[in-house]
Amino acid sequence: MEHFAFPLAVVVALQLGIFPLLLAGQRDGADGLALLLVTGTVVLLPCWAYRARLATNAAFHRHSPGMAAGCWFIPVAGLYVPLRVVADLLRVRRRSAGWTAVVLVWWWTWLATALLTLEPLHGGAVTPVGAVEWHLVRGGAQLVSAALLTLVVLRVTVDIRKLWYG
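On a predicted model such as this, the values are computed, not experimentally measured, just so you know.

J.: When you look at the environment of P65 in this model, what are you seeing that I'm missing?
T.: Secondary-structure assignment places P65 in helix α3 (residues 65-70). Between the C-alpha atom of P65 and that of L54, which follows or precedes it by eleven residues, the distance is 5.9 Å. For P65, the contacting residues outside a window of four places in its chain are Y50, R53, L54 and N57.

Below, the structure is given as structure tokens:
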């Protein structure tokens, strides 16, 4: 599982480093690098969820390991099943309600980032806020999402290691 957890955490954490470049208007190389890092996240996150789910097979889960990986790509179900998968992974060590709140905030900012990224691509108007403000709002949501995802991935991975190795 660590084969995916730590590269995923690094890829997501690097997204945090790009945000200041995008804010400063240095969009030339930053946009391409951001796209590469988001693509890396899209590839590694389902792999991590699958491996983490396999590692906690004895615990209660609402979804199979295959669904833990595949749910990210299923229309409509991809809007809520990944949240349930990650919440189940956190419950393996009976995490507090505070961690549930972290997962919920991560999920809502993850969805907000996706919606804010897709809106201009479909010809939607960027008003009432201007283009710069639009990128700031999207970037802020992505920043929060990336930071919380890093925390959640590392927390679940550490918990699973403790479960296995004591």
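And the narrative resumes.
J.: In this structure, what is going on with the environment of G78? I would like to understand it.
T.: Along the chain, G78 falls in the loop between α3 and α4 (81-91). G78 sits in the buried class, given a relative accessible area of 17%. In this structure, G78 is in contact with C71 and W107, ignoring residues within four places of it in sequence.

J.: Please clarify how the confidence of the model for the chain should be interpreted in this entry.
T.: Reading predicted coordinates in detail is not appropriate for stretches of low pLDDT. On average, the chain scores 78 in pLDDT, and the residues at 70 or more come to 75%. Here helix α1 (residues 2-23) stands out as the least confident element of the chain, with mean pLDDT 66; α3 is the most confident, with 92.

J.: I'm lost on α4 in this one. Help?
T.: With nine of eleven residues buried, α4 lies mostly within the body of the structure. All of the buried residues in α4 are V81, P82, L83, V85, V86, A87, D88, L89 and L90.

J.: Would you explain the environment of A69 in this entry?
T.: Examined against the element boundaries, A69 turns out to sit in helix α3. Its relative accessible area of 18% is what places A69 among the buried residues. Spatially, the C-alpha atom of A69 lies 4.9 Å from that of Y50, the residues being 19 residues apart in sequence. Each residue touching A69, except ones within four places of it in the same chain, is listed here: P46 and Y50.

J.: What is the right way to read the UniProt feature "transmembrane region" (unreviewed entry) in the chain from this model?
T.: Taking the numbering used here, the UniProt-annotated feature "transmembrane region" (unreviewed entry) corresponds to residues 6-25, 32-52, 72-90, 97-116 and 136-158. Counted over residues 97-116, helix gives 100% and strand 0%. Its end C-alpha atoms are 28 Å apart.

J.: How should the packing of aromatic side chains be read in this particular structure?
T.: Aromatic rings considered in pairs are described by the distance between their centres and by the relative angle of their planes. If you walk through the whole model with that rule in mind, you get five aromatic pairs. What links up through ring pairs into an aromatic cluster is the set W72, W106, W107 and W110.

J.: Is there a simple way to think about the pattern of salt bridges in this case?
T.: This structure, assessed with the given rule, holds three salt bridges. Across the salt bridge formed by R91 and D88, the nearest N and O atoms sit 2.8 Å from each other. On the criterion of helical spacing, the pair formed by R91 and D88 is a turn pair, its members being three residues apart in helix α4. Classification of D88 as buried rests on a relative accessible area of 2%. One continuous salt-bridge network, built from bridges that share partners, spans R62, D88 and R91.

J.: What am I meant to see in a nonpolar patch on the surface here?
T.: A surface patch of nonpolar side chains, about 250 Å² in accessible area, is lined by V38, V42 and F73. Relative to the elements of secondary structure, V38 occurs in helix α2 (residues 27-55). We classify V38 as partly exposed; its relative accessible area is 33%.

How each quantity is defined
Residues numbered from 1 in each chain as written. Predicted model: local features only at pLDDT ≥ 70, side-chain atom pairs only at ≥ 80, totals over all residues. Heavy atoms only, no water. Helix = DSSP H or I, 4+ residues; strand = E, 2+ residues; numbered from the N terminus. Contact = heavy atoms within 4.5 Å. Buried < 20%, exposed > 50% of the residue type's maximum accessible area, 1.4 Å probe, protein only. pLDDT = per-residue confidence, 0-100. UniProt positions renumbered as here; feature names shortened; annotations may be inferred. Phe/Tyr/Trp six-rings, centres within 6.5 Å; stacked < 30°, edge-to-face > 60°. Salt bridge = Lys/Arg side-chain N within 4 Å of Asp/Glu carboxyl O. Patch = residues over 30% accessible without salt bridge, like charges linked within 9 Å, V, L, I, M, F, W, Y side chains within 5 Å. Areas by Shrake-Rupley, 256 points an atom, 1.4 Å probe, with all protein chains shown as cover.

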